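Letter by letter, the chains look like this.
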Amino acid sequence: MSEQLALLPGYLTAHLQLTLLALLSSAAVSLPLGVAVTRVRWLEQPALGVAGVIQTIPSLALLAVMVPLLAALGLQSIGFLPAFIGLTLYGVLPMLRNTVTGIAGVDPAIREAARAVGMTPAQQLRRVELPLAMPVIVAGIRTATVWTVGIATLSTPVGATSLGNYIFSGLQTRNSTAVLVGCVAAAALAMLLDGLVRALETGVRTRRRRRVAVVVAAMAALYLYTGLTLAAPLLSRSGRPVTIGAKTFTEQYILAHLLGQWVERETGRPTTQRQSLGSMVAFNALAAGDIDVYVDYSGTLWANEMGRQTVGMDRATVLAEVRTFLADAHGIRVAATLGFENAYAVAMRARDADAMRLTRLSDLTPLAPGLSMGGDYEFFSRPEWVAIRDTYGLAFGEQRTMDPALMYQAVAQGAVDLISAFTTDGRISAFDLRVLEDDRAAIPPYDALILVSARLARDWPDVLVALARLDGAIDVDTMRRMNLDVDERGADPITVAADFLSGLSRARPAGETR
Amino acid sequence: MIELQYLTKRYGNQVAVRDLSLTVDEGELLVLLGGSGSGKTTTLKMINRLIEPSAGSVLVDGRDVAELAPHDLRRRIGYAFQQVGLFPHMTVAENIGITPALLGWTEDKLRRRVDELLALVELDPDETRDRRPDQLSGGQQQRVGVARALAARPRLMLLDEPFGALDPLTRHRLQESFVRIRRELGLTAVFVTHDMVEALVLGDRIAVLQAGRLVQVGTPRTLMREPANDYVRQLLDTPRREAQLVESLLAREGL
């Protein structure tokens, strides 16, 4: 609990930045547009139509689609910008619709009176139409506020830190405390902001100057805080923390914390985490310099980034080619190989394997049509799966995509016959599963590599040196144990990483490492 | 003071007002009289440019109103209408003071003017000033509406059936108040109504409109004596017919 709460200020601040700025720009778009629509009638259908269509896009997809869109435009495609733009678009409809409805709902007799007493069009708007439409417009702003706070939790997968980090990592590492903290904090924030907007509206309507002043001061303070926290890293460039990325599974969370703690301890530089990134998102973020460090696997890069499908390559060759490719194509450096492989594998209950006399993937080919196979979100669209499927001619009776955290339970309970597994996953032994041997070497080797951005290598050589000292530091058994600690024994990735590092310093006295 | 010259208003193929010319003299109250759809409201609204004419022109004090900015023109002309149109988010005082406020009067001058006007329309300033429109009766609301129209001391007033939605007793009291106010201030006014009695009581001259055309204009006496056509004759005869109807009803009841 206390480890989770320690993350709260950072996550909450990031969430607040996203939400407040997105709401501000939603309002900056929709309120003038709403007014324009009531003046220029033919604008109404197209404007409300486009906003309505945007609203029908599932929120996670809307945020995700920003990534390739911004990348195509050559803009920052990972992190704050895609989340900010997605959220802004999402907030437009409720505000726009209510502005139009509110203004159109003003009694025509009052409109006529406003003209007749000698108001200019601008005065009619400011003194009569907007005040009378205000309750309806504010209702739209409140709807947008609550939505935006909620949907901002989905910015985590596009690389923007938010309270969603609690929820995504909590679901992956089966940490219900983290999920709960994230949900409660998001709900509380939504209620707070909604309450502020409501208090402002009633204050203005009932003309309570003191109340309005208090609410405006509170809002100004929030925006000021947002502005300052956003500006701080820009102002002190030297103080920029080392940003460490993590993909969406337990091992990645542990390693990210491990690298972060290590860098802080060895170099004294502050670090920050950018967790729960999609596989492609993480690599692109590193290439673009949006993150500085993360761990990836040679086989993943081999297949995904280099587009290689050659079967039967040995570990050293793949590693050498990946190293060259990363340096030449992206300026990315391999700081260290951690010392273990985490390969994709196909696993099933040992009991079933024995009953079916299965030890190798080749044995599976004739039985596949009668079996069901579960895979994580990425598995069936990854080149590794294509390689396995084609090499062994596998055609399963059923393929199911499921959450990696639930996959092991599913196979252990017989809901599916086989799953895509990771060889470092502690649950393979914990659930008494067997990994089928890749006897025709369809899957490339998957050495865990610490990758660093070109910028880190250039600006912070001390960090590069510190990371290089982790070469060979983690063997596959250690990694499996750490994963199992988090996945099945309820340990926190931060604690597991810290325990490992304290063991490491005992094994390697300071004199040797420095 | 006002000259309407060959005014025409078309909506698509429909002609609301056709080739209408009229003059309103200084200090005179001219009633525009006619049934629904006769074009009387359209004609009135073309004077302060709430409606723009399709052809023809309106001269106020010899100046073509099309040359003035609409809001400047309207600040110089009082306007009261049946729906009143008080601003519900403002107090009575703010409603009455709106045109002077737009003209940039000082707070002090404005406050004095509001109290003066409330007294003029027979409302208690201390009791009414800070109320919201929805806390007033229909008659009180229209008194405030008239006060608002008079706030910036216009010499010309346009009234569109201002007392049409009120009960007969209230209507009668407001008509009496209005006659007094107009006399005190020496206002020029154009007054739209379809109520024959109201036209006779208030009007110095009456202009009868039928299907967008001006049929006849003259004093009540002229119209009674020399109606231009059957329509005018029947219209002018209405009060007498109604009185006879009431008489005969009473006679039948044996009263």
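All of these numbers come straight from a predicted model, not from anything done at the bench.

Q: Just checking my understanding: could you explain the overall build of chain B for this structure?
A: Across its full length, chain B holds 11 helices and 10 strands. Taken over the C-alpha trace, chain B has a radius of gyration of 19 Å; the compact-globule value for 255 residues is 18 Å, and the two agree within 12%. Considered along the principal axes of its C-alpha atoms, chain B spans approximately 55 × 55 × 35 Å. Evaluated residue by residue, chain B yields a buried proportion of 51% over its 255 residues. Residue pairs in contact within chain B that sit at least 24 positions apart in sequence constitute 67% of those at least 6 positions apart. In the form shown here, chain B has an accessible surface area of approximately 12,200 Å², with 48% of it arising from carbon and sulfur atoms. Here chain B holds 34 positive side-chain charges and 35 negative ones, and the gap between their average locations is 3 Å.

Q: Whenever I open this one, the sheet that holds strand 4 (residues 55-60) of chain B confuses me. Can you help?
A: Residues and elements named next belong to chain B. With antiparallel pairing, 4 strands are arranged side by side in an open sheet as 2-1-4-5. Only two strands of the sheet have a single neighbouring strand rather than two, namely strand 2 (14-24) and strand 5 (63-64). Its contacts with the sheet put helix 1 (residues 40-47) on strand 1 (2-11), strand 2 and strand 4, and the angle it makes with strand 1 is roughly 120 degrees.

Q: I would appreciate a short explanation of the environment of A:A122 in the present structure.
A: Residue and element names in this part refer to chain A. One can find A122 in helix 6 (residues 121-151). By relative accessible area, which is 52% here, A122 ends up exposed. Along the chain, A122 and R208 lie 86 residues apart, while their C-alpha atoms are 25 Å from each other.

Q: So what exactly am I meant to see when it comes to the sheet that holds strand 6 (residues 77-81) of chain B here?
A: Within a sheet, adjacent strands bond to each other through the backbone by hydrogen bonds, running parallel or antiparallel. All names here are of chain B. An order of 6-7-8-3-9-10 is seen for the 6 strands of this open sheet, with the pairing classed as mixed. Each edge of the open sheet carries a strand with a single partner, namely strand 6 and strand 10 (213-218). Going from strand to strand, the sheet's axes swing by 15 degrees on average, the running direction of each strand aside. Sheet topology places strand 7 (residues 156-160) next to strand 8 (residues 188-193); 5 bridges connect them, and they run parallel. Its bridge partner lying in strand 8, M157 is registered against A189.

Q: It is not clear to me how unusual backbone geometry should be interpreted in this structure. Could you clarify?
A: Comment: phi is negative for the bulk of residues other than glycine, and the bulk of peptide bonds are trans. All names here are of chain B. Even without being glycine, D61 reaches a positive phi, approximately 50 degrees. Taking relative accessible area as the criterion, D61 reaches 40% and is therefore assigned partly exposed. Its identity is not glycine, yet V84 carries a phi of approximately 65 degrees, on the positive side. Here V84 lies in the loop between strand 6 and helix 3 (92-96). In this structure V84 comes out as buried when scored by relative accessible area, which is 8%.

Thresholds, definitions, all that
Residues numbered from 1 in each chain as written. Chains lettered and ligands numbered in written order. Predicted model: local features only at pLDDT ≥ 70, side-chain atom pairs only at ≥ 80, totals over all residues. Heavy atoms only, no water. Helix = DSSP H or I, 4+ residues; strand = E, 2+ residues; numbered from the N terminus. Rg over C-alpha atoms; globule rule 2.2 N^0.38 Å. Buried < 20%, exposed > 50% of the residue type's maximum accessible area, 1.4 Å probe, protein only. Contact = heavy atoms within 4.5 Å. Areas by Shrake-Rupley, 256 points an atom, 1.4 Å probe, with all protein chains shown as cover. Lys, Arg positive; Asp, Glu negative; His and termini not counted. Charge placed at Lys NZ, Arg CZ, Asp CG, Glu CD. Pairing = 2+ DSSP bridges. Axes fitted to C-alpha atoms, helices over the stretch in contact; angles between N-to-C directions.

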